[in-house]
Amino acid sequence: MVRKLVKRVAVIGAGPSGLVTVKELVDEGHTPTCFERADGIGGVFRVGEIDGVVWDSCRLTSSPLLTSFSDFPDPAEHLMHLTVGEYVDYLDGYCESFDLRRHVRFRTTVEAVTRNPAGDWTVRTRDATGTRDERFDAVALCSGLHQHPHLPRLPGQETYTGTILHGAQYRRPSQVAGKRVLVVGAGESGADVAAEVAANAAEAVLSLRRGVAVQTRVQFGKPKDLQTSRLMNSTAHWVFQTRNPADAHKRRAYRWTFLPLLLVDKGLQQFYRLVFEFLPLLMAPTLAEIRTNLRTRKLSMQLLRESGGTFNEQFGTKSDDFVRAIATGHCRRAPAITRFDGPRVVFADGSVFAPDLVIFCTGFETRMPYLDEAVVVAPRFLHTFHPGIGASLGFIGFLRPAFGAIPPLAELQARWFAQVQSGRSVLPPPAEMQQSIVYWTSFRSHFFRAVKGRLDHLVEHTPFCDELATRIGCKPTWRDIRRESRRFQRKFMVGPFVAAQYRLVGPHAKPEIARAVIENAPVAHPLPDRLNLHLRWMMSRTLHRLRGPEFAPKLELREQ
C-alpha cells in the first residue's frame, strides 16, 4: 500500500486551472495556498477595463458540456455557449461546492519563485501589507497562456498617426463606432472581434497572412463541438482527418483493403454533405440570405484551402460570423501588412488603407517573469513537468487544444500533479520523460503540419486526454464500458467527448456523475454520419489487426 505524502503547495493563479488544481490537491490531502493578483476568481475570463483580456459580449468558443470539469457538470439546460460572465458564475459555483475560496489569497502578486538547495521552493509575494517570502514543498503554475499580449512591430509603425490596440484591450462596440478599423488576425478571439467590429464600425478591414480553418459555432441548433465524439476520433487520423504525405502508403493500404466498402463510405459522406450541410443553406426565407449562405460557405472553403491543411491539421476558428461579414460586404479582406506609412497601412499586394484604429489580434506570449527563463522555455513532459526538476514543479493549463477546451485538460493535469505529490503516481526517469517529449513533438509536427514549427503548446485534444488519464489511472477499459447500460455504451461512443468519462473509474471516481452526464448528453451526429463514422472505425480497427501497430487507431481502449 502506497503511503500518501502531505505537502504544502503554492498555486499561482485563480482562473479555471488554478481553482481545479487547488481542488485536486485538497482531494489528495495536501495544503494548497493559491495566490491571485485580482480581487476575484476567473483569471482571463474576468471582464476588466485594465487587467482583463475579454470583451463585454465575449462568449466561450467551447460548449458547457465540453468545458465543464469532470465532477461538476454545468446544468443540462446550459447547452449553448456561455458568456464569460456566465462562466465566471460557473466557477463561483465550483468554489462554493468544494469550499475553495478559503485557500485563495486575493490581491496578491507573485514576484519570484525560486528553488532552494533542499529541493523545496521559496515564493515571494506582495500584497497591501508588503512583501514576504514563504517556503513550499511544491509549486503549481496556473497563470496560463493568455496573460501577456503579443504586439508585433512592423516597419514604419512609429509613423502611424492613428491608434493601435491589442485584441486584449478591446471591450465594447463604442470603441469602434463611426471609425475605420483594421483588424489583424482571425484566431478564436480575432474572428469574434472582427465580426463585432464589422457590425459597428464605419468601415472594417480584416488582414490575414494565411488562410483559416473555420467552422460554424452552431449546427442543427446545437453547438458544433458536440460532434467531437470518441467514435469520430477512434478511426486512425490519416483515414480522413489529416492528409500528411508521409501517411500516403497507409491510405493506399486502407483503400485497397476495403475498396467495396469505400464506395458505401463515399455514398454516405456525399449524402450527409448534401442533406445536412448544403440543403439547409437553401432554406433561408429570402433569396438574399440564401446567397449570403452560399457565399459564406464558398469563402470558408477558400480560407481552408489557403490555410495549407485540413481542419484537424491546425488550430481552428470556431465561428464563421466574420466570414459572413465579408460575404455581406460589411468587412473587406486584405493580405498581410508589409508596413505603416504615416496614417496609412500598406498591404502585401500593394493596396493601402487609412484606418483610424488598428486592432492586433495576434495572440499572446508565454512569459512568467517570476520564474527563471530557462525553466519557462524548456520542453515539458506531457506539458506538465520539467524533466530536470521533477515532481515539485507543475505547469497546469499551459497548452491549447486545436479543437476542444483547456479546462478539462488542465483538470487532468491537476489530478496527475496532485497524485504525484502524494506518491500515488511516480514520474518516470528523466531519460524516459525526454523520450516522451520527443514523441509528442514529432506527433505535433506530423499531425499539425499546417502550422509546423509554430505553437509548441498545441495538442490534439482527445489522444492527449487519454494519455493523461492513463497516467492517472482513470481511463476506462472496454470491460468497464460493457458493465454499463446500453444507453451509456451508445452515448459513450457517439455522444460528445466529455471530461466526465474520466470519473467512471480510478482515483476519486464518481461514477454516478459520469453516468448522468454521458447518458443525458445529446447526440449531434445525424444517422448517416454515425453510420459513416462507425464504418470507418471498424475498417480502421480491422486494418490495425491485419497490418500491425503502425496502423493503430487514433483512440483505443484496452480490453481490461
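No experiment lies behind these values; they were computed from the predicted model shown. (Residues numbered from 1 in each chain as written. Predicted model: local features only at pLDDT ≥ 70, side-chain atom pairs only at ≥ 80, totals over all residues. Heavy atoms only, no water.)

Caption draft 1: Focus on the overall build of the protein. If you tally the helices and strands in the protein, you get 18 helices and 22 strands. Relative to a compact globule of 560 residues, whose C-alpha radius of gyration would be 24 Å, the protein shows 24 Å and is just as compact. If you line up the protein on its principal axes, its C-alpha atoms span 70 × 65 × 45 Å. Per-residue burial over the protein gives 56% buried out of 560 residues. A fraction of 71% describes how many contacts in the protein between residues 6 or more apart in sequence connect residues 24 or more apart. Of the roughly 24,000 Å² of accessible surface on the protein, 55% is carried by carbon and sulfur atoms. Between the mean site of the 74 positive side-chain charges and the mean site of the 56 negative ones, the protein shows a separation of 6 Å. (Helix = DSSP H or I, 4+ residues; strand = E, 2+ residues; numbered from the N terminus. Rg over C-alpha atoms; globule rule 2.2 N^0.38 Å. Buried < 20%, exposed > 50% of the residue type's maximum accessible area, 1.4 Å probe, protein only. Contact = heavy atoms within 4.5 Å. Areas by Shrake-Rupley, 256 points an atom, 1.4 Å probe, with all protein chains shown as cover. Lys, Arg positive; Asp, Glu negative; His and termini not counted. Charge placed at Lys NZ, Arg CZ, Asp CG, Glu CD.)

Caption draft 2: Just the side chain of Lys 250, in detail. Topologically, Lys 250 is positioned in helix H7 (residues 248-257). The contacts of Lys 250, once residues within four sequence positions are left out, are Trp 238, Glu 550 and Phe 551.

Caption draft 3: Geometry of the pairing of strand E6 (residues 130-136). With seven bridges joining them, strand E5 (residues 121-127) and E6 adopt antiparallel strand pairing. Note that in E6 the partner of Val 123 across the bridge is Glu 134. What sits between E5 and E6 in their antiparallel hairpin is a turn of two residues. (Pairing = 2+ DSSP bridges.)

Caption draft 4: Highlighting unusual backbone geometry. Backbone geometry places Phe 220, a non-glycine residue, at a positive phi of 55°. Topologically, Phe 220 is positioned in the loop between strand E12 (218-219) and strand E13 (222-223). One non-glycine residue, His 383, lies in positive phi territory at about 60°. In this structure, His 383 sits in the loop between helix H11 (373-377) and strand E20 (393-395).

Caption draft 5: Representation of the side chain of Asp 225 in the model. Relative to the helices and strands, Asp 225 resides in the loop between E13 and helix H5 (230-234). An unpaired buried charge is present at Asp 225: no salt bridge exists, and Lys 318, the closest side chain of opposite charge, is 6.8 Å distant. (Salt bridge = Lys/Arg side-chain N within 4 Å of Asp/Glu carboxyl O.)

Caption draft 6: Inspection of the packing of H7 against helix H8 (residues 259-278) at higher detail. At a closest axis distance of 5 Å, the pairing of H7 and H8 adopts a crossing angle of 95°. Accordingly, the angle class assigned to the pair H7 and H8 is roughly perpendicular. Across the interface between the two elements, Tyr 254, Arg 255, Trp 256 and Thr 257 from H7 touch Leu 259, Leu 262 and Asp 265 from H8. Among the residues forming the contact of H7 with H8, the class breakdown is four nonpolar, one polar and two charged. (Axes fitted to C-alpha atoms, helices over the stretch in contact; angles between N-to-C directions. Parallel < 35°, antiparallel > 145°, perpendicular 65-115°, else oblique. Nonpolar A, V, L, I, M, F, W, Y, C, P; charged D, E, K, R; others polar.)

Caption draft 7: Summary view of the nonpolar core. With 94 residues, the main nonpolar core has Val 197, Leu 206, Phe 322, Ile 359 and Trp 416 as its most contacted residues. The element that contributes the greatest number of residues to this core is helix H12 (residues 406-422), accounting for eight residues. Sequence-distant contacts of Ile 359, that is, excluding residues within four places in its chain, are made with Leu 165, His 166, Gly 167, Tyr 170, Val 176, Val 181, Leu 182, Val 183, Val 184, Val 193 and Val 197. Core analysis: the second largest hydrophobic core is formed by 20 residues, Phe 35, Phe 136, Leu 145 and Phe 395 among them. (Core = buried A, V, L, I, M, F, W, Y, C linked by side-chain atoms within 4.5 Å.)

Caption draft 8: Seen up close, helix H16 (residues 486-494). Those residues of H16 lying buried are Phe 488, Lys 491, Phe 492, Met 493 and Val 494. Turning to H16, the residues buried within the fold contact H5, helix H15 (478-482), helix H17 (511-520) and helix H18 (527-547).

Caption draft 9: How the structure looks around the sheet that holds strand E15 (residues 337-341). The sheet built from three strands is open, its strands ordered E15-E16-E17 with antiparallel pairing. The open sheet has two free edges, formed respectively by E15 and strand E17 (352-353), since each of these has just one partner strand. Bridging between strand E16 (residues 344-347) and E17 involves two bridges; their strand directions are antiparallel. The residue bridging Val 345 from the neighbouring strand is Phe 353, located in E17.

Caption draft 10: Seen up close, the packing of aromatic side chains. Going through the model one piece at a time under the given rule, you end up with 28 aromatic pairs. Taking the centre distance of 6.3 Å and the plane angle of 35° together, the rings of Phe 69 and Tyr 90 count as tilted. Highlighted residues: Phe 69 in the loop between helix H2 (64-67) and helix H3 (84-98) and Tyr 90 in helix H3, separated in sequence by 21 residues. Note on Phe 72 and Tyr 94: the rings are 5.6 Å apart at their centroids and 65° apart in plane angle, and the pair reads as edge-to-face. (Phe/Tyr/Trp six-rings, centres within 6.5 Å; stacked < 30°, edge-to-face > 60°.)

Caption draft 11: Layout of empty space enclosed by the protein. Taken as a whole, this structure holds four cavities of 30 Å³ or more when the rule is applied. Each pocket or cavity is described by its volume, and for the largest cavity that value is around 70 Å³. Along its surface, the largest cavity is lined by Leu 66, Ser 70, Pro 408, Glu 411, Leu 412, Arg 415, His 461, Cys 465, Phe 497, Val 498, Ala 499 and Tyr 502. Contributing elements (two or more residues each) for the lining of the largest cavity: H12 and helix H14 (461-472). Per-element accounting of the lining of the largest cavity gives the leading share, four residues, to H12. Here the lining of the largest cavity is composed, by residue class, of eight nonpolar, two polar and two charged. In this model, the second largest cavity occupies a volume close to 50 Å³. Lining the second largest cavity, in full, are His 383, Trp 440, Phe 443, Arg 444, Phe 448, Leu 458, Val 459, Glu 460 and Phe 464. At three residues, the largest contribution of residues to the lining of the second largest cavity is made by helix H13 (residues 430-447). Grouping the amino acids of the lining of the second largest cavity by side-chain chemistry returns six nonpolar, one polar and two charged. (1 Å grid on protein atoms, 1.4 Å probe; cavity = no way out; pocket = protein on both sides within 12 Å on 5 of 7 lines; lining within 4 Å. Points joined across faces, edges and corners; volume = space filled by probe spheres on them.)

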